[in-house]
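Given next are the chains, with one letter for each unit.
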Amino acid sequence: MGPQILRFFRIGIIDRRIFLITFPFVTHRQEAEKFLRAAGKAGLRLQQNVSSEANEGSEAAGVRTLQRIKASLRKRNLNRKQACDEK
Amino acid sequence: MTRNEKQWLNATPWESVLTLNKALCQAQKMEPLNDSRGYDAARRIWEPAVNRKMSIREAFDICHQVYDIGPFTFNNGNTFAAIGRTIVEDYLKAAPPLEAQILRTTICHYVVGQVDRKELHQVLRHFEPLLESLPTAGHAPSPQAKIGSGPQEQSAPS
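Quick caveat, the model's predicted, so the values are computed rather than measured. The written sequence of each chain sets the order in which its residues are numbered from 1. All chains are assigned letters beginning at A, and all ligands numbers beginning at 1, according to the order in which they are written. Only residues with pLDDT of 70 or above have their local features reported here, since the model is predicted, and side-chain atom pairs are shown and tallied only from 80 upward, although totals for entire chains, interfaces and linings are computed over all residues.

Peer 1: So what exactly am I meant to see when it comes to the packing of helix 3 (residues 56–69) of chain B against helix 6 (residues 97–111) of chain B here?
Peer 2: Packed helices, taken two at a time, are described by the angle their axes make and the gap between the axes. Residues and elements named next belong to chain B. Axes here mean lines fitted to C-alpha atoms, for a helix over just the part in contact, with angles spanning 0 to 180 degrees between N-to-C directions. Numbering of helices and strands runs from the N terminus, with a helix taken as a DSSP run of H or I at least four residues long and a strand as a DSSP run of E at least two residues long. Interaxial distance between helix 3 and helix 6 falls to 8 Å at its minimum, and their mutual angle equals 40°. When the axis of helix 3 is compared with that of helix 6, the two are oblique. Across the interface between the two elements, Phe 60, Cys 63, His 64 and Tyr 67 of helix 3 pack against Ile 107, Tyr 110 and Val 111 of helix 6. Note on residue categories: nonpolar means Ala, Val, Leu, Ile, Met, Phe, Trp, Tyr, Cys or Pro, charged means Asp, Glu, Lys or Arg, and polar means any other residue, Gly included. Class assignment of the residues belonging to the contact of helix 3 with helix 6 gives a composition of 6 nonpolar, 1 polar and no charged. Here roughly perpendicular refers to angles of 65 to 115 degrees, roughly parallel to angles under 35, roughly antiparallel to angles over 145, and oblique to all remaining angles. By the convention adopted here, residues are in contact when the distance between their C-beta atoms, placed from the backbone, does not exceed 7 Å.

Peer 1: It is not clear to me how unusual backbone geometry should be interpreted in this structure. Could you clarify?
Peer 2: With the exception of glycine, most residues fall at negative phi, and the peptide bonds are largely trans. All names here are of chain B. One non-glycine residue, Lys 29, adopts positive backbone phi at about 55°. By the secondary structure assignment, Lys 29 is in the loop between helix 1 (14–27) and helix 2 (36–50). Phi is positive for Asn 75, which is not a glycine, with a value near 60°. Mapped onto the secondary structure, Asn 75 falls in the loop between helix 3 and helix 4 (76–87). Asn 75 sits in the buried class, given 24 other C-beta atoms within 10 Å. Residue burial is a threshold on neighbouring C-beta atoms within 10 Å of the residue's own C-beta, all placed from the backbone, with 20 or more meaning buried, 12 or fewer meaning exposed, and counts in between meaning partly exposed.

Peer 1: Even after reading the chapter, I still don't get the confidence of the model for chain A, so can you show me in this structure?
Peer 2: One rule of thumb: low pLDDT means the predicted coordinates there are not for detailed reading. All names here are of chain A. pLDDT: the predictor's confidence for each residue, scored from 0 to 100. Looking at chain A as a whole, the pLDDT averages 71, with 55% of positions reaching at least 70. Element-level pLDDT for chain A is lowest in strand 1 (residues 7–14), with a mean of 54, against a maximum mean of 82 in helix 1 (residues 28–56). When the criterion is pLDDT under 50, residues 1–7 qualifies, and its contacts beyond four places in sequence or with other chains add up to 11 contacts.

Peer 1: I keep staring at the confidence of the model for chain B and nothing clicks. Help me out?
Peer 2: All names here are of chain B. Counting all residues, the mean pLDDT for chain B is 84, and 83% of those residues have values of 70 or more. Per-element averaging of pLDDT across chain B places helix 8 (residues 143–146) at the bottom with 36 and helix 3 at the top with 96. Among the scores for the predicted complex, ipTM is 0.76 and pTM is 0.69.

Peer 1: Can you walk me through the nonpolar core in this structure?
Peer 2: As a rule of thumb, soluble globular proteins bury nonpolar side chains together. The biggest cluster of nonpolar side chains holds 41 residues, and the ones touching the most others in it are B:Ala59, B:Phe60, B:Cys63, B:Val66 and B:Val111. Elements with a contribution of two residues or more to this core: helix 1 of chain A together with helix 1, helix 2, helix 3, helix 4, helix 5 (89–92), helix 6 and helix 7 (117–133) of chain B. For this core, the element with the most residues is helix 3 of chain B, which contributes 8 residues. Apart from residues no more than four positions distant in its own chain, B:Phe60 is found in contact with B:Gly84, B:Ile107, B:Tyr110, B:Val111 and B:Leu120. The term nonpolar core refers to a set of buried Ala, Val, Leu, Ile, Met, Phe, Trp, Tyr and Cys residues connected through C-beta atoms within 7 Å.

Printed below as a string of structure tokens:
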């Protein structure tokens, strides 16, 4: 079942004409569904990490995270350096 | 973000926790089973927390506590770590990727007991100025979503 979209209705009368104005908004259910989808993706990613670590041995767990952080730092420093050089 | 008291678990009623665990078990072709002893205890902690205003640290504590009880046979860690991580995800979208990754990893590790409370608090304190300056990217419950206590039908105002 897709997300249920509920709306507020207001009836306005302008110059003897009746207008139906709707205000769509994010419902609590939509919020919960969005959260669930995001959590599902995060959970699957965690599962993949665990299974790949199991294949590579337990030591690989922190090592890969550190490598990723190190690579990211290196990239950032490089970008900063380039920005300074350009100035 | 770290000082704000909010209904952090508002978008995750117990039914969503079950659905998430079921999905994760099915992804591994496992039967989503509940642990008869832990299930009720975990539910008793989780359900009142859903609508309660609390700090983000308290929300992580609840994820950790419920993980510790182990309401499910499989994927307790992945289920509650994913919830803990997703709670702050919208805040982290605007954060630098490296800091965001450190926070995500720390939160997940805290929920499953690989990082203690002191370490989590240190990391959160370190990133506090950054987190306070970030805009929320949508997940933070909208004013309409805060109204009412659960996923109930809303009627048009009279």
